[in-house]
Each structure stands twice: as structure tokens, then as C-alpha cells.
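Working through the structure, step by step
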Amino acid sequence: MSSTVSTEPPQPVPPLLKTRWFWLALIGLALVLGSGWIVFSQTFVSGPANGGEAGALEPAPIKGHPAPDFALPTLDGKTVRLSDFKGKPVLVNFWATWCGPCRSEFPDFQKAAVDNAGTLVIIGINNTTTDQKDQIPAFLDEFGVTYPIVLDETGDTAKAYNILGLPTSIFIDRNGNVNEIFTGPINKAYIESKLSEL
């Protein structure tokens, strides 16, 4: 075997490939094409956006999705269903008697419930699986609570809403769609500021 050595001089690199602008333009083109592909795949492959038609979405604790329905008992044995309030803005609040931040927001919830009785439904859901049911009546009496309080005795409703901490408030619009999920205490001013969105 014989090897041949090329005596030809190496090919020079074209000056265009040496410029910074060429590489920046190439990277920019790749970004534009990549973004276009993402938009195309989400819009045309998955189907067009629903344009606010949340009825086609699965119930989920996600903004814009229908709120998961529940039917829970009150302390006196009546049943409260979220779906009974469709057509009205609803504020659902998960709480427990041992929860300090829950205790601090209860006066504001009561004031908001009274002052906005014609425009807002507030439902308190006691996280009964982590609370002592016998302490609930005294807690409610202490704050003069008049809005509906229901018991999540199995924890299924807290699971359906992915409740990770207390208090957690879910704002639901008149169409039954989740508007916002807020973990932590809120006050009357914040509740009332949300009414225009619901």
C-alpha cells in the first residue's frame, strides 16, 4: 500500500463564515423557526384554542378550567353542592380550626359575605380529616359565621383541588371556571377587588 500526500494548499475558509453577523443571523433564524414550530404544534396539532369555552376542558384546579364539583355536608346534615351556585361568583375557602392564618382571615370573610351577599357566594370547607369536628361549632360561633360551612370528612375535595396548605381560597367565576387559587390568608379588600373578574 502506498500513501499519497496531497501537496495542494488547504482551502481557505470563506470570509462569510468568519463574521460574527453570519453566526448571529443563523442562530436568530434557528430561534424563529423553533418558535414557529412550537406555535404550529400547539395550535394545529393539538387543536385550536377554545377561546374561553372551558366546557371542553376537564374539571381541574387550574385557572380557566371548570372547578371540580363537590357535594359536602354542613354541620346540621344538609348538603351543599358547588354546582348549585352556577351563575354566581363563588369563593371557596379551605380551612381548619387549628390554622392560625385561617383564624386571622375569618372576620374578613364574614364581613365580605355580609357586605356582598347579593353578588358573591362564600363557602368554607373545613379540612375535617386534619381537624377536630367537635371544635368547629365553637370556632364558628366565635366569629359569628353566617355563610355556609361544609365538612370535607374524606379529604376527597381537598385532593380534587390539590390543597397543599391552609388556608387556600379558590375564586370561581359565574360560569363555574376557576379564576384564581390563592394559598395564604386574604382580606376583605382583596376579595372585593376580585369581584369584577368573576
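Report on the accompanying structure.

How each quantity is defined
- Residues numbered from 1 in each chain as written.
- Predicted model: local features only at pLDDT ≥ 70, side-chain atom pairs only at ≥ 80, totals over all residues.
- Heavy atoms only, no water.
- Buried < 20%, exposed > 50% of the residue type's maximum accessible area, 1.4 Å probe, protein only.
- Helix = DSSP H or I, 4+ residues; strand = E, 2+ residues; numbered from the N terminus.
- Arc of directions from axis to C-beta.
- Contact = heavy atoms within 4.5 Å.
- Salt bridge = Lys/Arg side-chain N within 4 Å of Asp/Glu carboxyl O.
- Phe/Tyr/Trp six-rings, centres within 6.5 Å; stacked < 30°, edge-to-face > 60°.
- Pairing = 2+ DSSP bridges.
- Axes fitted to C-alpha atoms, helices over the stretch in contact; angles between N-to-C directions.

So, helix α4 (residues 136–143)
For α4, every residue scored as buried is listed here: Ile-136, Phe-139, Leu-140 and Phe-143. For α4, the buried positions fall inside an angular range of 95° around the axis, keeping them on one side. The exposed set on the far side of α4, more than 90 degrees from its buried face, consists of Ala-138, Asp-141 and Glu-142. Residues of α4 that are buried make contact with β3 (90–95), α3 (100–115), β4 (121–126) and β5 (149–151). Gly-144 sits one or two positions beyond α4 and adopts a positive phi of about 60°.

Description of the pattern of salt bridges
Under the defined criterion, the tally for this structure stands at six salt bridges. Notably, a salt bridge pairs Glu-192 with Lys-188, separated by 2.9 Å at the nearest N-O pair. One end of the pair is Glu-192 and the other is Lys-188, both in helix α6 (residues 188–194) and four residues apart, which spans about a single turn. On the basis of relative accessible area, Glu-192 is assigned to the partly exposed category, the value being 28%.

With respect to the packing of aromatic side chains
Geometry of an aromatic ring pair is reported as the spacing of the ring centres plus the angle between the planes. The tally for this structure, following the rule as stated, stands at nine aromatic pairs. Centre to centre, the rings of Trp-95 and Phe-106 are 4.9 Å apart; their planes meet at 75°, and the pair counts as edge-to-face. With a gap of eleven residues between them, Trp-95 in strand β3 and Phe-106 in helix α3 connect regions that are remote in the sequence. Under the relative-accessibility criterion, Trp-95 is labelled buried at 0%. Its relative accessible area of 1% is what places Phe-106 among the buried residues. Here Trp-95 and Phe-139 contribute two aromatic rings whose centre-to-centre distance is 5.0 Å and whose plane-to-plane angle is 15°, an arrangement assigned as stacked.

Quick word on the sheet that holds β5
A sheet is described by the order of its strands in space; here five strands give the open sequence β5-β4-β3-β6-β7, paired in mixed fashion. Whereas interior strands pair on both sides, the edge strands pair on one side only; in this sheet they are β5 and β7 (178–183). Within the sheet, the average angular offset between the axes of one strand and its neighbour, ignoring direction, is 20°. With five bridges joining them, strand β6 (residues 168–172) and β7 adopt antiparallel strand pairing.

Purely geometric numbers; function is a separate question.
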